[in-house]
Amino acid sequence: MKRLCVLLLLLFSAFPASASERILALAPHVCEMLFAIGAGDEVVGAVSYCDYPAAAKKLPRVGTYNRINIEAAIALRPTVAIVTDAATPGVKKLSALGVRIVRSHPEKVEEVLADIRRLGEITGHKQQADQVAFALQQRLDVLPARTNQKKLRVFYEIWPDPLLTAGKNTFIHDVLKHLGLVNVFGAVQMEAPRVNVESVLAAKPQLVIVPSEKRDVSVRSQYWKKWLGEDIQVITVNPDLLHRSGPRLLDGMEALDVQLQGLNFEK
Amino acid sequence: MRNKWNEQLFIAMFIAAVGGVVIVALGLGEHWISPWNPSNNMESVILWDIRWPRILTAFAVGGLLALAGAWFQVLLGNPLAEPYVLGVAGSAAVGAVSGMMIFPDSVWVTSMGAFIGAWVGIAAVLSFSHLGPTRLLLAGVVLAALWGAVLMLLMAMLPERGLMLAYAWMMGDLSHSSLPIWLLLLVWLGALCCGLVLSQSLDKLLLGERHAEALGVDVSSLRKKLLLLASAVTAVAVTAAGTIGFIGLVVPHLMRLLFGSLHKVVLLASAFGGGLLLIIADTAARTVISPAELPVGVLTAVIGVPVFLWLLLRRR
């Protein structure tokens, strides 16, 4: 029975495949990359939070970030599935059913550009992908020159309760480094260490960055001013731009950079 | 007369132990700060606005959990009983997570949800209180399973980020209790006094229900009072700090092994010992992998289990 299924699938997938791939984009950043390199028409399915560009919202959903609904996925007759983690439940089954699995999980800013190029090759949109990556690289290259706030000590508040921040070897840590900022918990060997107010106080940050969907930091700003003193600067960033390792990353980094220019540290 | 003296010595010993541990816990943290002379303003803020409230919360919550555990163990006649055995923690968690779903940014709503949830759970259990201890325990365990299932359902519907809050709440957090600390300490004192008043009846209950009745104890009324008291204390502890496992199970046994099973002594020792263990566990939780922090529930088990097993072997 299983063999028959596989055979049928292979038959199904073999014929239209010559024209183009049928892609499952199983992470928000993958979705954005594919649309940016002109492979949007070949994406047949996505997962929750794949909300950019607008066309991606109309795609059928085949699961969430941590679970794939095999039946819904297979019904879309995919040829390629692009995932962040091959260990996600459902990915193995997809692979067994003849879907090619490609992994994309950029952990550094440079890896975002590399993955855009790689997805371009895989999907046959190499030229456009190279152009996109090249343009992003140029924007990335000019950033440190523009940033004059060198070596600002930053506490990046990923989540207020429990208080989580970004540790060493994380994507956010790398983004901060590219902007000339010093992550005060950059030495902690965990992905999202839970910290407490005392350790933040002891780390003596000059700036607190609060990612917020609503871009409202009044509550957090009050909170940190209470502990860290009136001098502490609190700014917010759009997490969809800065945490999603996709082509809009540079939009997020530039927006953060503009905010950094506007800060004044009198000392 | 001699008994009286012993009791005072006993309390004095515990107060001294708590005092010593509190001073060490105050000093320990990101870096050592002497509780007597913090060198600057920031250090005194860390000492008195961050560490001190947390230590007091840990003391009160630990004491309450240990008291509730001791009561449940007599009430149900089962050494495996602990404050959460009848599903009060489960229903509190359901309430807290429901609160998080409706108002994700409010600590108050979460605590209110936990408190209301705990009382819904208590009401459900109370309606079985006329059954014997075995059936009451069975009903409680089944109810706990139901709350667990509802909790899983709610968490499956929570967005990705809400999950973090829910997990953190369920592992216990002493850093920001939404209940005022004076209230927690007052409840601790009140619970201890109630316990001491009831302690002679509890000793008789330990002999079995028939013997207790023959000795003039109104068993069914005592059981109801005890159930209500233990549940109320659990509800307050859960509201203040989420669910912290292990203290309620192990501390009463630990105190029985150390000081014998007379309830006056067990309850007194549990109220102090539970607080002591939770202060130690929480201090470890915030210092072991500093600057990051561990969930306190992990530490209560890591510290409590070896001590308990060692005593169990030694006293055989």
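Sequence positions are assigned chain by chain, starting from 1 and proceeding in written order. Lettering for chains starts from A, numbering for ligands starts from 1, and both go in the order in which the items are written. Only residues with pLDDT of 70 or above have their local features reported here, since the model is predicted, and side-chain atom pairs are shown and tallied only from 80 upward, although totals for entire chains, interfaces and linings are computed over all residues.

**Q** Describe the sheet that holds strand β5 (residues 80–83) of chain A, with residues and values.
**A** All names here are of chain A. Only strands joined by at least two bridges in the DSSP assignment are considered to pair. Helix and strand definitions here come from DSSP, where helices need a minimum of 4 consecutive H or I residues and strands a minimum of 2 consecutive E residues; each element is numbered from the N-terminal end. One open sheet accounts for four strands, arranged β2-β1-β5-β6; its pairing is parallel. If you trace the sheet from one side to the other, it starts and ends with β2 (43–46) and β6 (100–103), each paired once. On average, each strand axis in the sheet is tilted by 25° relative to the strand beside it, whichever way the strands run. Inspection of the sheet shows strand β1 (residues 23–25) paired to β2 by three bridges, in the parallel sense. Bridge assignment links Leu24 to a residue of β2, and that residue is Gly45. Placing a C-beta atom from the backbone of each residue, one calls two residues in contact when those atoms lie within 7 Å. As a rule, the C-alpha atoms of each element are fitted with a line to give its axis, helices using only the stretch in contact, and angles between N-to-C directions run from 0 to 180 degrees. Across the face of the sheet, helix α2 (residues 28–36) comes into contact with β1, β2 and β5 while running at roughly 130° to β1.

**Q** Help me get a handle on the domain arrangement of chain A, residues and values and all.
**A** Residue and element names in this part refer to chain A. Where each domain starts and ends comes from a domain assignment, either automatic or drawn from a database. Looking at the assigned domains, one finds that chain A contains domain 1 (2–125) and domain 2 (146–262). Here the C-alpha centre of domain 2 lies 32 Å away from the C-alpha centre of domain 1. For the side of domain 1 that touches domain 2, the secondary structure elements donating two or more residues are α2 and α6 (109–123). A per-element tally of the side of domain 1 that touches domain 2 places α2 first, with five residues. Each residue is assigned to one of three groups, with Ala, Val, Leu, Ile, Met, Phe, Trp, Tyr, Cys and Pro labelled nonpolar, Asp, Glu, Lys and Arg labelled charged, and all others, Gly among them, labelled polar. Along the lines of polarity and charge, the residues of the side of domain 1 that touches domain 2 split into seven nonpolar, one polar and three charged.

**Q** I'd love a proper account of helix α12 (residues 249–262) of chain A, names of residues and values included.
**A** Residue and element names in this part refer to chain A. Here α12 spans 20 Å end to end across 14 residues, near enough to the 20 Å set by a 1.5 Å rise per residue. Every buried residue of α12 is accounted for by Leu249, Leu250, Gly252, Met253, Leu256, Asp257 and Leu260. Viewed along the axis of α12, the buried residues span an arc of 155°, placing them on a single side of the element. Relative to its buried face, α12 has exposed residues pointing more than 90 degrees away, namely Val258, Gln261 and Gly262. To estimate the expected span of a helix, count its residues, drop one, and scale the result by 1.5 Å. Here the C-beta atoms are placed from the backbone, and a residue counts as buried if at least 20 other C-beta atoms lie within 10 Å of its own, exposed if 12 or fewer do, and partly exposed otherwise. Think of the arc as the fan of directions from the helix axis to the C-beta atoms.

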